[in-house]
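The residues making up each chain are set out below.
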Amino acid sequence: MESMESALELLLAHAAPVCETEELALGETLGRVAAQDVASPIPVPPFDRSPLDGYALHSEDIAQASREHPAVLRVVGEACAGCGTVFSVARGEALRIMTGAPVPAGCDCVIRQEDTDEGMEQVQMYAPVGHMKNICFAGEDVPRGAVMLHAGEEITCAHIGVLSSLGVTRVRVYRRVRVALLSTGDELLQPGQVLTYGKIYDANRAALTTHLRMLDTQAIILGSEADEPQAVADALERAAQEADLLITTGGVSVGKKDIMHRVLPLMGAQRLFWRVAMKPGTPLLCGLYGEKPIICLSGNPFAAMACFEIFATPVIRRMAGRARWENPRVKTTVLGGFDKPSPGRRLLRARFDGQRASVLGKNHSSGSLSSVIGCNCLIDVPAGSGPLCDGDPVEIILL
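Quick look at the structure, then. Treat the numbers as computed from the prediction; the structure is a model and nothing was measured.

### A few points about the overall build of the protein chain
Scanning the protein chain from N- to C-terminus turns up six helices and 22 strands. In terms of overall dimensions, the protein chain is more spread out than a globule: its C-alpha atoms have a radius of gyration of 31 Å, far above the 21 Å expected for 399 residues. Over its C-alpha atoms, taken along the principal directions, the protein chain stretches across nearly 95 × 50 × 40 Å. Looking at the protein chain as a whole, 49% of its 399 residues qualify as buried. Counting contacts in the protein chain only where the partners sit at least 6 residues apart, residues at least 24 apart contribute 70% of the total. Total accessible area on the protein chain is roughly 18800 Å²; 52% of this is exposed by carbon and sulfur atoms. For the protein chain, the distance from the average site of its 38 positive side-chain charges to the average site of its 46 negative ones is 9 Å.

So this is what it looks like as C-alpha cells:
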C-alpha cells in the first residue's frame, strides 16, 4: 500500500506538461497558463506625470512661500490628461496642470491647487514644495523591460489589467489539458432518467465535470458504462486518442464488479499502484496507457472527490504547466473536535474560517456526499491518532 505522498510522487513523475501552445487575445486568457515571460515594452507611466491638480514649477521659486508672503508666478498655460502640447516653463513661471498630465521638462515639483489662489494668468503660491515632490516618474510603476507575467503563472484579472497598460494585445499560453472522464457501474443513471429500483443517479460525473471546468481543462465527458471490462477498455482507448489524462470512477475495490483491474490489462496499460494508505479512497488504482496517466477513483462520491483533490488536481496543474501545482497546507486548530479515533490516516471534510477548522457533518462515510457542501478544506489526521478535541492542532489541505 502506497503512502499518499509516494502515490502522488509516482503520478507526478508521469505527468508530462503539455507542450503545445496557442496565442490568444489578451481578453481571452483569464485562467490560462502563460507559456512565456511577458516583459514591458514601455515604462509605466510612459512620462513624468502629475498625481494631482495644481501647478508645475521650479521648487526654488517657492522655497520661501507662505500665506503671509506668497510667491507670485506667471501662468504660461494649462495641461490636462491626454494633452499633447509640449510646454516650456522658465524660472518665475508655472503651468496649470491636472491629474495625469505630463510634467514639463525642467519642472521639479507640482504644488496642489489648494495651496494656491488658483490664478489663471498669474498665481499666488502659499507653501513651499520640495525638489521632485508630487511627481509620478516615468517607469515608477513598471520599468521598461520588467517581466510582468512569468511562464507558468495562471493569468489573473490583475495580469490582464497590467498587460493592457503596457499595450499588450496577445499572449502565448499553453493549450488546455484534455481530460477524459468516465463513470462505471451497472447501477448508474443520469439525472433526467426515470429512477428505477436498484439504480442511483451518477453524482460523480456532475461533480467532477464541474471540477475539471474549474481547473480550466478541456473536459471530454464519456458518460457512463456498465460493468463490462471490454466496453470500458474500448471507451478509454478511443478517448486516449485525444485526451492527455484518463479519469474513471468506480470498479476499483475487491468485489466481483470491480472491473478496472481487468480493464487496464485489456488496454495494454501498465499499473503504477493500487491502494493508498488513506481513508477515504484507499482502493485508488493508477496506471499508464502509453505515456498517459490513468487515475481510477472509487465510485463512492466523497472518496472520489477527496482523491480527485489530492491526486488529480496536482497532476492536472503540473500537466497544464503551472509553476505551482501543490495543494496548499495550513497548520491550525480544530473547532469542536471529532469523536472517533483514526487507526489509519484519515481525511476529514471541514470548513476553515481563516482561523480554525470545523469538522462538517456527522456522516463521514465514503459514500456520503451531502456533508461536502460548505467544505473548503480537508483535515489530514495522521495514522494512530485518537479523537480530536476542541483546540487540538491540525494540518489542513485547502481546496
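### Re the pairing of strand 7 (residues 122-125)
Burial along strand 7 is one-sided: Val 123 and Met 125 are buried, while Gln 122 and Gln 124, pointing the other way, are not. Pairing of strand 4 (residues 71-79) with strand 7 involves four bridges; the strand directions are antiparallel. By the bridge assignment, Arg 74 is partnered in strand 7 with Gln 122.

### Focus on helix 6 (residues 301-319)
In helix 6, a bend of some 45° at Phe 308 exceeds every other bend along the element. Among the 19 residues of helix 6, 17 are classified as buried, and the element is accordingly described as predominantly covered. Two residues or fewer after helix 6 comes Gly 321, characterised by a positive phi angle close to 90°.

### Details of the pattern of salt bridges
Overall, the coordinates contain 19 salt bridges when judged by the stated rule. Taking the shortest distance from any N to any O, the salt bridge between Lys 331 and Glu 395 comes out at 3.6 Å. Taken as a pair, Lys 331 in strand 18 (residues 329-335) and Glu 395 in strand 22 (residues 393-398) lie far apart in primary sequence, 64 residues in all. Given the relative accessible area of 26%, Glu 395 is considered partly exposed. Each of Glu 5, Arg 329, Lys 331, Arg 345, Asp 380 and Glu 395 takes part in a single network of salt bridges with overlapping partners.

### Points about the sheet that holds strand 7
Spatially, 6-3-5-4-7 is the arrangement adopted by the five strands of the open sheet, whose pairing is mixed. Both outer strands of the open sheet, strand 6 (109-112) and strand 7, are each paired with one neighbouring strand and no more. The sheet shows a mean angle of 40° between the axes of neighbouring strands, direction not considered. In this structure, strand 3 (residues 54-57) lies alongside strand 5 (residues 93-97), joined through three bridges in antiparallel fashion. Residue Ala 56 lies in a different strand from strand 5, and its bridge partner there is Leu 95.

### Regarding the environment of Ala 151
Along the chain, Ala 151 falls in the loop between strand 8 (147-149) and helix 2 (157-165). Distance from Ala 151 to Ile 220, taken between C-alpha atoms, is 26 Å for residues 69 residues apart in sequence. When near neighbours in sequence (up to four residues on either side) are disregarded, Ala 151 contacts Ala 34, Ala 35, Gln 36 and Asp 37.

### So, the sheet that holds strand 21 (residues 377-381)
Spatial ordering of the closed barrel is given by 18-20-19-21-22, a layout of five strands whose pairing is mixed. Put simply, the sheet's adjacent strands are angled 55° from each other on average, direction ignored. In terms of strand pairing, strand 19 (residues 346-352) meets strand 21 through five bridges, oriented antiparallel. Bridge assignment links Arg 349 to a residue of strand 21, and that residue is Leu 378. Of the strands in this sheet, strand 19, strand 21 and strand 22 are in contact with helix 6, which crosses strand 19 at around 80°.

### Examining the pairing of strand 3
Relative to strand 6, strand 3 runs antiparallel, the two being bridged by four bridges. The residue of strand 6 that forms the bridge with Tyr 55 is Ile 111.

### Structural notes on the packing of helix 1 (residues 4-13) against helix 6
It is the contact of helix 1 with helix 6, at a shortest axis distance of 10 Å, that shows an interaxial angle of 30°. Overall, the two elements helix 1 and helix 6 adopt an arrangement that is roughly parallel. The two elements helix 1 and helix 6 cross, and the hand of that crossing is right-handed. The residues of helix 6 that touch helix 1, namely those facing Met 4, Ala 7, Leu 8, Leu 11 and Leu 12, are Ile 310, Phe 311, Pro 314, Val 315 and Arg 318. Its residues assigned to classes, the contact of helix 1 with helix 6 comprises nine nonpolar, no polar and one charged.

### What about the side chain of His 58?
By secondary structure assignment, the location of His 58 is in the loop between strand 3 and strand 4. Since its relative accessible area comes to 14%, His 58 is described here as buried. A distance of 3.3 Å separates a polar side-chain atom of His 58 from the backbone oxygen of Gly 106. Beyond its immediate chain neighbours, meaning those up to four positions away, His 58 contacts Val 89, Ala 90, Arg 91, Gly 106, Cys 107, Asp 108 and Cys 109.

Calculation rules
- Residues numbered from 1 in each chain as written.
- Predicted model: local features only at pLDDT ≥ 70, side-chain atom pairs only at ≥ 80, totals over all residues.
- Heavy atoms only, no water.
- Helix = DSSP H or I, 4+ residues; strand = E, 2+ residues; numbered from the N terminus.
- Rg over C-alpha atoms; globule rule 2.2 N^0.38 Å.
- Buried < 20%, exposed > 50% of the residue type's maximum accessible area, 1.4 Å probe, protein only.
- Contact = heavy atoms within 4.5 Å.
- Areas by Shrake-Rupley, 256 points an atom, 1.4 Å probe, with all protein chains shown as cover.
- Lys, Arg positive; Asp, Glu negative; His and termini not counted.
- Charge placed at Lys NZ, Arg CZ, Asp CG, Glu CD.
- Pairing = 2+ DSSP bridges.
- Bend = angle between axes of the 7 residues up to and from the residue.
- Salt bridge = Lys/Arg side-chain N within 4 Å of Asp/Glu carboxyl O.
- Axes fitted to C-alpha atoms, helices over the stretch in contact; angles between N-to-C directions.
- Parallel < 35°, antiparallel > 145°, perpendicular 65-115°, else oblique.
- Left-handed = near helix turned anticlockwise from the far one by under 90°.
- Nonpolar A, V, L, I, M, F, W, Y, C, P; charged D, E, K, R; others polar.
- Polar contact = N/O pair within 3.5 Å; in protein donor to acceptor, adjacent residues only side chain to side chain.

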